[in-house]
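# Structural features, examined
Below are the chains, spelled out letter by letter.
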Amino acid sequence: MKLSANLTMLFTERPLLERIVAAAAAGFDGVEIQFPYELPALRLKDELERAGLPLVLMNFPGGDFLDGGPGLAAVPARQSAFDEALQDALTYAAMVRPCVVNVLPGRLAEGVSREQALETLAGNIRKAAEAFGLLGIGVVSEAINPIDMPGFLVNTPQHLQALLAAVDHDNFRAQLDIYHMARQSIDPVVAVETLAGRIGHVQFADCPGRGAPGSGSMDFVAVRNALKKAAYRGWLGAEYRPEGGDTRASLGWMTAWRSVDQG
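The structure presented is a predicted model; accordingly, all values stated were derived computationally and were not measured.

All told, the structure shown has 11 aromatic pairs when counted by the stated rule. With 6.3 Å between their ring centres and 90 degrees between their planes, Phe-11 and Phe-28 make a pair best called edge-to-face. Of this pair, Phe-11 sits in the loop between strand S1 (2-6) and helix H1 (16-26) while Phe-28 sits in the loop between H1 and strand S2 (30-33), and the two are 17 residues apart along the sequence. On the basis of relative accessibility, which here comes to 0%, the residue Phe-11 falls in the buried class. Consider the rings of Phe-60 and Phe-82, whose centres lie 4.7 Å apart with planes at 20 degrees: the pair is stacked. Separated by 22 residues along the polypeptide, Phe-60 in the loop between strand S3 (55-59) and helix H3 (79-96) and Phe-82 in helix H3 bring together distant segments of the chain. Of the residues examined, Phe-60 reaches a relative accessible area of 2% and is grouped as buried. Taking relative accessible area as the criterion, Phe-82 reaches 0% and is therefore assigned buried. Through a chain of ring-to-ring contacts, three or more aromatic side chains come together here, namely Phe-11, Phe-28, Phe-204, Phe-220, Tyr-240, Trp-253 and Trp-257.

Set out below in structure tokens:
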């Protein structure tokens, strides 16, 4: 399985563009950036090409999500804002060519029922899946644990199953973050089994602490075996917080993972 570095969380001792070359030097096969829009798309494209790495994933614009708001995708009153963000994201993606775009469900907005929010979310993801499909780019959506992020609309594998059914589009799959499963005491192996065949991207960090593999109690061997059994052949995105902020010092796990893959 190919390894991508989430540059929003790794190599943060460097400016964002410089993290791409750092990830290549460290042995990653690709990179992902949560919200790359601060960078001109052409500059990002050029730096990716210079490093010889693909952009594996970027997030759909989140509106006020990073400031604690509900975001755009599941708020009926923000439909025009979502549509505008979709056009911006399509323009950006056409240049940097991510493998997948992650449409975050966001938080439940005040005055909106869960049913209304989920209906709006499904419609917007279906629209995004259709539009990005024309560019050959997949669309995913992830479940985030409600402990770290209270109010987040989609939390569990079952929530993702229901969303997959509601969207009902061939270009839409689940993004599975095994940290977010473990953080709410959901067995990541069971999560893989639940979503087998419908997983479009996987991210990982150890739990507790959201550190590098080996810093917590996560059984990564079991998770990786489950992914192989589920015939998952996509990317594994390292989205963890290195202890002390030193990414290079946190990469000891990569040697063991590579040796297993080559064995």
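So that's the structure; there's more coming.
Assignment of secondary structure puts Asn-6 in strand S1. By relative accessible area, which is 0% here, Asn-6 ends up buried. Linking Asn-6 and Val-31, residues 25 residues apart in sequence, is a C-alpha distance of 5.8 Å. Ignoring anything within four residues of it in the chain, the contact list for Asn-6 reads Glu-32, Gln-34, Gln-203, Ala-238 and Glu-239.

As a further point, take the pairing of strand S8 (residues 235-238). Of the two faces of S8, the one carrying Trp-235 and Gly-237 and the one carrying Leu-236 and Ala-238 are both buried. Alignment of strand S7 (residues 199-204) against S8, held across three bridges, turns out to be parallel. Its bridge partner lying in S8, Val-202 is registered against Leu-236. After leaving S7, the chain enters helix H8 (residues 220-229) and then returns to the sheet as S8, a path that is right-handed.

What follows concerns the UniProt feature "domain: Xylose isomerase-like TIM barrel" (unreviewed entry) in the protein chain. The feature "domain: Xylose isomerase-like TIM barrel" (unreviewed entry), as annotated in UniProt, sits at residues 22-256 in this numbering. The distance separating the terminal C-alpha atoms of residues 22-256 is 20 Å; by composition the span is 40% helix and 14% strand.

About the criteria used
Residues numbered from 1 in each chain as written. Predicted model: local features only at pLDDT ≥ 70, side-chain atom pairs only at ≥ 80, totals over all residues. Heavy atoms only, no water. Phe/Tyr/Trp six-rings, centres within 6.5 Å; stacked < 30°, edge-to-face > 60°. Helix = DSSP H or I, 4+ residues; strand = E, 2+ residues; numbered from the N terminus. Buried < 20%, exposed > 50% of the residue type's maximum accessible area, 1.4 Å probe, protein only. Contact = heavy atoms within 4.5 Å. Pairing = 2+ DSSP bridges. Right-handed = clockwise from strand over helix to strand, strands pointing away. UniProt positions renumbered as here; feature names shortened; annotations may be inferred.

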